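Residues per chain, in single letters:
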Amino acid sequence: MPVRDKGVVVTGAGHGIGRALATRLAAGGARVVVNDLDAEAAVRVAGELGGHAAPGDAATEKGVAALVDAARRHLGGIDIWFGNAGVERGRGLRASEEDWAASHEVNVLAHVRAARLLVPGWVERGSGRFVLTASAAGLLTTIGSPAYAVSKHACVAFAEWLSATYRHRGVVVQAICPQGVRTRMFERAGPLQGLLSHDGALSPEQVAEATWEALHGDRFLILPHPRVADYYAHRAADPDRWLTGMNKLQRQLEEQGALR
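Residues numbered from 1 in each chain as written. Predicted model: local features only at pLDDT ≥ 70, side-chain atom pairs only at ≥ 80, totals over all residues. Heavy atoms only, no water.

1. Focus: the pattern of salt bridges
Oppositely charged side chains may form a pair once their charged atoms are brought near each other. This model, assessed by the stated rule, comprises seven salt bridges. With a closest N to O distance of 2.7 Å, Arg113 and Glu105 form a salt bridge. Its relative accessible area of 15% is what places Arg113 among the buried residues. Across the pair Arg129 and Asp218 runs a salt bridge whose closest N-O atoms are separated by 3.2 Å. With Arg129 in strand S5 (residues 128-133) and Asp218 in the loop between helix H8 (204-214) and strand S7 (221-222), the pair connects residues that are 89 residues apart, well separated along the chain. (Salt bridge = Lys/Arg side-chain N within 4 Å of Asp/Glu carboxyl O. Buried < 20%, exposed > 50% of the residue type's maximum accessible area, 1.4 Å probe, protein only. Helix = DSSP H or I, 4+ residues; strand = E, 2+ residues; numbered from the N terminus.)

Take a look at the structure:
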């Protein structure tokens, strides 16, 4: 689907993958609304690509509603929604109630709240596209970060449900599931960077380019690291073997002192 002249919203677009997505979409002719909790970053990126800044919290019910209203006023209508904003909070069973709650709000409920506002209109007109930035952690799992792994699994599950429910009504749903990407989150990963870089740490621009290519088709999973498809198949075919391998990685990281 060409994006030229389409009205597009990208959340979490002040930095990292979101910024790269917004920039690539604008270069392809889309009319882009740039959202980020960091208002200065949203304004800066919007200025760089000739888009419109709509800073604010894209996770809360009021925040999502305000963003959708602002985008519709500016664009006239929203054709594609990129739910890109995400958080990674807490380590192991020490992750607090606040860590779990924030992960659920941003990584899951933000998508639910946006879909409630967007999908009925798309169904009525017979077209629309909802793209979520999930993670390979949502297909596999990840070491050390339970709230992130669980919430990203839920993110993918919600995207699957949307696709199964509405694809015959013209709504295309896609989930971006990269492994390591050189973002601020990656920089904070410390000793876990090696694990995240197992198949190479991509730049945000490489993820955006893979996504751009996927927009010209309707394939559900967007896998900037193609080997994730093999891992996903192996996991499904033999869960116990997969979990044994993941536990081996856990033990290796513990021995190296990477997990404390």
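2. Points about the sheet that holds S7
Judged by pairing direction, the sheet is parallel, and its seven strands sit side by side in the order S3-S2-S1-S4-S5-S6-S7 without closing on themselves. Here the strands that pair on one side only, and so sit at the sheet edges, are strand S3 (52-53) and S7. As judged from the six bridges shared by S5 and strand S6 (residues 171-176), these two strands associate in the parallel manner. For Arg129, the partnering residue across the bridge sits in S6 and is Val172. (Pairing = 2+ DSSP bridges.)

3. A closer look at the nonpolar core
Of all hydrophobic cores here, the largest spans 40 residues; its most connected members are Val9, Ile78, Trp81, Leu118, Trp122, Phe130 and Val173. Secondary-structure elements contributing two or more residues to this core are helix H3 (61-75), helix H4 (97-125), S5, helix H5 (146-166), S6, helix H9 (227-237) and helix H10 (239-255). Examining the composition of this core, we find that seven residues originate from one element, H4, more than from any other. (Core = buried A, V, L, I, M, F, W, Y, C linked by side-chain atoms within 4.5 Å.)

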